[in-house]
Amino acid sequence: MARSRPGPLDYTRRWWLRFWLLATFVFLYAPIVILVVFSFNDSRRNIVWQGFTTDYYVRALNNLSLLEAFGNSLTIALLSTVISTVLGGLLALGLYRFRFPGRSSVEAASALPIVVPEICMGVALLVFFAEIGWRPGLPWPLSLANIVAGHVAFSFPFVAVVVRARLAGFDRAQEEASKDLGASEWQTFRYVTLPFMKPGLIAGALLAMTLSLDDFVITFFTSGPDTLTFPVKVYSMVRFGATPEVNAASTVLIAVTVLLTILAVRLQRPDKGVA
Amino acid sequence: MRPPIVSIDGVTKRFGETAAVDQVSIDIQANEFFALLGPSGCGKTTLLRMLAGFETPNEGRILIDGDDMTRVPPNRRPVNMVFQSYAVFPHMTVEANVAYGLKVEGIGGAELRRRVDEALAMVRLENFRARKPDQLSGGQRQRVALARALIKRPKVLLLDEPLSALDKKLREQMQLELVRLQHEVGITFVMVTHDQEEALSMANRIAVMDHGRVLQIADPRTLYEHPTHRFVAEFIGTVNSLDVEVRSVDGPHARIRHPLLGEITVERAAPDVERGVVVARPEKLRLDFSAPPVDGEILLDAVVEQIAYYGDLSFVFVRCPDGTALQISRYNVNRQDKGDPAAGSLCRVGIHPDDLLLVGTG
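How each quantity is defined
Residues numbered from 1 in each chain as written. Chains lettered and ligands numbered in written order. Predicted model: local features only at pLDDT ≥ 70, side-chain atom pairs only at ≥ 80, totals over all residues. Heavy atoms only, no water. Salt bridge = Lys/Arg side-chain N within 4 Å of Asp/Glu carboxyl O. Buried < 20%, exposed > 50% of the residue type's maximum accessible area, 1.4 Å probe, protein only. Phe/Tyr/Trp six-rings, centres within 6.5 Å; stacked < 30°, edge-to-face > 60°. Helix = DSSP H or I, 4+ residues; strand = E, 2+ residues; numbered from the N terminus. Pairing = 2+ DSSP bridges. Axes fitted to C-alpha atoms, helices over the stretch in contact; angles between N-to-C directions.

1. With respect to the pattern of salt bridges
Residues and elements named next belong to chain B. The final tally for this structure, using the stated rule, is 31 salt bridges over all chains. A salt bridge links Arg255 to Glu263, with the shortest nitrogen-to-oxygen separation between them at 3.4 Å. Of the residues examined, Arg255 reaches a relative accessible area of 32% and is grouped as partly exposed. A salt bridge links Glu283 to Lys284; the nearest nitrogen and oxygen atoms lie 2.9 Å apart. Here the salt bridges share partners, and the residues they tie into one network are Arg124, Arg143, Glu177, Arg180 and Glu184.

See the structure below:
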């Protein structure tokens, strides 16, 4: 059968577009693939492939300070995600629901942490915690409190933006219908508004979690000398040479993030029909 | 007479400076299909929302079945509403949507199941109970909204432009369906609409509103044949309006003068109408080419200017020598009929004084 010329919308049948697509993917994922592949490299150096081994995973798992840093990162991420999701969701709802003087200023101000350079946020938080006399050296979960606060400060606006975008498509008559049918204010929120916000909340929470897990700059400035998070620990390991152990640890982090993403997408699936 | 199921008593609602609803008083009887009719911005939706409890009047009272509901929140009123956008909950199935109003009341188990089945059967959606709203057509979504409201057994069902989102065929079908439903459940329906045909064909009584005021409350036939205001005459159906000079009034009649008609006696719309215009419906005028006048008929010479053909009827636009434009409707009752006159041809228009009505311009 003779192949017809591709039509204007047959993008996938133009070789140069396919090539472009491929190049984009290589550009995006080659570094990650190399990182993962070399985490199985049987060599102290990270340059030449010597053979397959899982030794470095075992070693990373036995590296207590790395594990502690990972545990810290997960704890911080979990706490800051929960807090930012609640705060961001409420902010979005408030901005959607109410008209009040200075509303647009509040909206702009709440989005500021998204655009302020992270390094400035880091310095600002450092100065702030010094100013209020925050003392490092508290017992474990409390020692993370200032990092959590820092993470919440820069991630809840992201949640708010995502949820706000979701609410823009909300038909307010649904809330009226709910009350008209006898529901109280709380029942209306619980059964009508919240389910509508849910996909936005999940997406926002995922974003907050990812932002928190891999944050380096703000954590670096706010953490005390004794508290290490995963990115900060990896950084200090790399300073002594990028061994496959670092690769292995990073691969685990990638796996965790990918799993979280899949989970979040799964959770959103029952709602995909919501328009 | 029984006390009214809904009593709107001197209600005013202001948004800022403007009164959206201005000193409105309406009594609606039990089992009525009542329509609030008017152009957009006339206050009809605001009035409906005050019945539902979404707006609070600045003045006046609203009584439902004898109880003062003026300041009762929407979730404690014995009324339910079908929203213009239907506002069906998108994340719930048809069944969950219909059950919602009972569930929030704490009704469950066998009673819930029985009443949901009943409500779904009433709107013929038994086979769609597991569907989500995005898998339904517009008409089906509306049925969900109806079932969801009727399951609460309200004393009054409020309908906000219930048919405006449907296409023409479906709209006609739902008109009949709503009337059937209203007979079946025996609940008072209060409908807001801007569509005069919808109001005429569905409602028992209609309140015509303009600029926040009620101009006339009457049954469809009275509104059409005996409008009291020029606005009502022109909003409902089509009408020819002629500016006339009123010479004298006498009870239900007035002596008027018009350059085309001469001095004749016509009916007065209301006892307080002492100035105004004379109106005549296009189907009451007779397009005549040669036949002698019917008893008492006035014949006017005119030129055919334009014809609008609708199949079942045609509108013929004519102009009299003095410049007066008239519109006449002609029913195409006979297939062998020669059809409408050609544009530009001369004709005569027959007007009977009995078909003229003097209405106020206020």
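2. Considerations on the packing of aromatic side chains
All names here are of chain A. Inspection of every chain in the model, using the stated rule, returns 19 aromatic pairs over all chains. Consider the rings of Phe40 and Phe52, whose centres lie 5.1 Å apart with planes at 15°: the pair is stacked. In this pair, Phe40 is assigned in the loop between helix H1 (15-38) and helix H2 (55-62) and Phe52 in the loop between H1 and H2, connecting sequence segments 12 residues apart. On the basis of relative accessible area, Phe40 is assigned to the partly exposed category, the value being 23%. Judged by its relative accessible area of 60%, Phe52 is exposed.

3. Some thoughts on the sheet that holds strand E21 (residues 357-359) of chain B
All names here are of chain B. Here 6 strands make up an open sheet; going across it, the order is E11-E15-E21-E14-E13-E12 and the pairing mixed. Two strands close off the open sheet at either side, each with one partner strand: strand E11 (240-243) and strand E12 (245-250). When the angles between neighbouring strand axes are averaged without regard to direction, this sheet yields 40°. Where E12 lies against strand E13 (residues 253-258), 5 bridges are found, and the strand directions are antiparallel. Each residue of the ladder has a partner; that of Val249, found in E13, is Ala254.

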